[in-house]
Amino acid sequence: MAGNMETAILGGGCFWCTEAVYLEVKGVTSVESGYSGGEVADPTYEQVCTGATGHAEVVRLTYDPAVVSYRDLLEIFFTIHDPTTLNRQGNDVGTQYRSVIYHQSPQQEATARQVIAEMAHVWDAPIVTELAPPQTFYKAEDYHQDYFRLHPLQGYCAFVVAPKLDKFRKTYASRLR
């Protein structure tokens, strides 16, 4: 593994779904669920769920760019969530479920702009994904980390997370660990 690890912070609805997918991506060395983009320091899940803090549920990925590119991570991102629905993913509604990319460098911003422009030709509705500069990342409570693996039969996991994970596995089989 190379020593030049990079970070990506992405919000695509409930972080349980996003985390479950990226934990299986070759080259991603860690995935942390958390909150970013809000006004309250160290928010709790309960606070974020009210929508009043301004935070989005996000995942912070640490990855090896020699194994998986930022572009690859974004292409997966745009496959596993609907970037055309403002402040919602399925039945999850609120600003905390918005589609957002917190770029960590000018290079990431340029790549994200390019991928968003390309994805505009794939989706039937306008892409509403927010592209924002780096924000403070607050790691979510421990019980949110690795949630799907620990609770695969929990209702939301079985009916929402599992189908997204299956779609990812079928679409990106070559990128699985």
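In what follows, the structure referred to is the one given above.
Draft legend 1. Spatial organisation of the pairing of strand E6 (residues 99-102). Burial along E6 is two-sided: Ser99 and Ile101 facing one way and Val100 and Tyr102 facing the other are all buried. Sheet analysis places strand E1 (residues 6-12) next to E6, joined by 4 bridges and oriented antiparallel. Looking at the pairing, Ile9 lines up with Tyr102 of E6. Of the pairings in the sheet, the one linking E6 to strand E7 (residues 130-132) comprises 3 bridges and is parallel in character. Paired with Ile101 across the bridge in E7 is Leu131. Remark: the E6/helix H4 (residues 106-119)/E7 crossover connection has right-handed handedness.

Draft legend 2. Layout of the side chain of Gln108. Along the chain, Gln108 turns up in helix H4. Classification of Gln108 by relative accessible area gives buried; the value is 4%. Side-chain polar atoms of Gln108 contact the backbone oxygen of Thr7, separated by 2.8 Å. Reaching out from Gln108, the side chain makes a polar contact with the side chain of Tyr63 at a distance of 3.5 Å. Ignoring anything within four residues of it in the chain, the contact list for Gln108 reads Glu6, Thr7, Ala8, Tyr63, Tyr70, Tyr102 and His103.

Conventions we followed
- In this numbering scheme, every chain counts its residues from 1 along its sequence in written order.
- Since the coordinates come from a predicted model, pLDDT governs what is reported: local features require at least 70, and pairs of side-chain atoms require 80 or more to be given and counted, while whole-chain, interface and lining totals use all residues.
- The side-chain quantities take in all heavy atoms of the structure and omit both hydrogens and water.
- Remark: exposure states derive from per-residue accessible area (1.4 Å probe, protein chains only) relative to the maximum for the residue type, with buried under 20%, exposed over 50%, and partly exposed in between.
- Working definition: helices are DSSP H or I runs of at least four residues, strands are E runs of at least two. Numbering for both runs from the N terminus.
- At least two DSSP bridges between two strands are needed for those strands to be called paired.
- Orient the strands so they point away from the viewer, and a crossover whose first-strand-to-second-strand path over the helix runs clockwise is right-handed.
- Under the rule applied, a polar contact is a pair of N or O atoms within 3.5 Å (in protein, one hydrogen donor and one hydrogen acceptor; residues adjacent in sequence only if both atoms are side-chain atoms).
- Only heavy atoms enter the contact rule, under which two residues are in contact if any of them lie within 4.5 Å.

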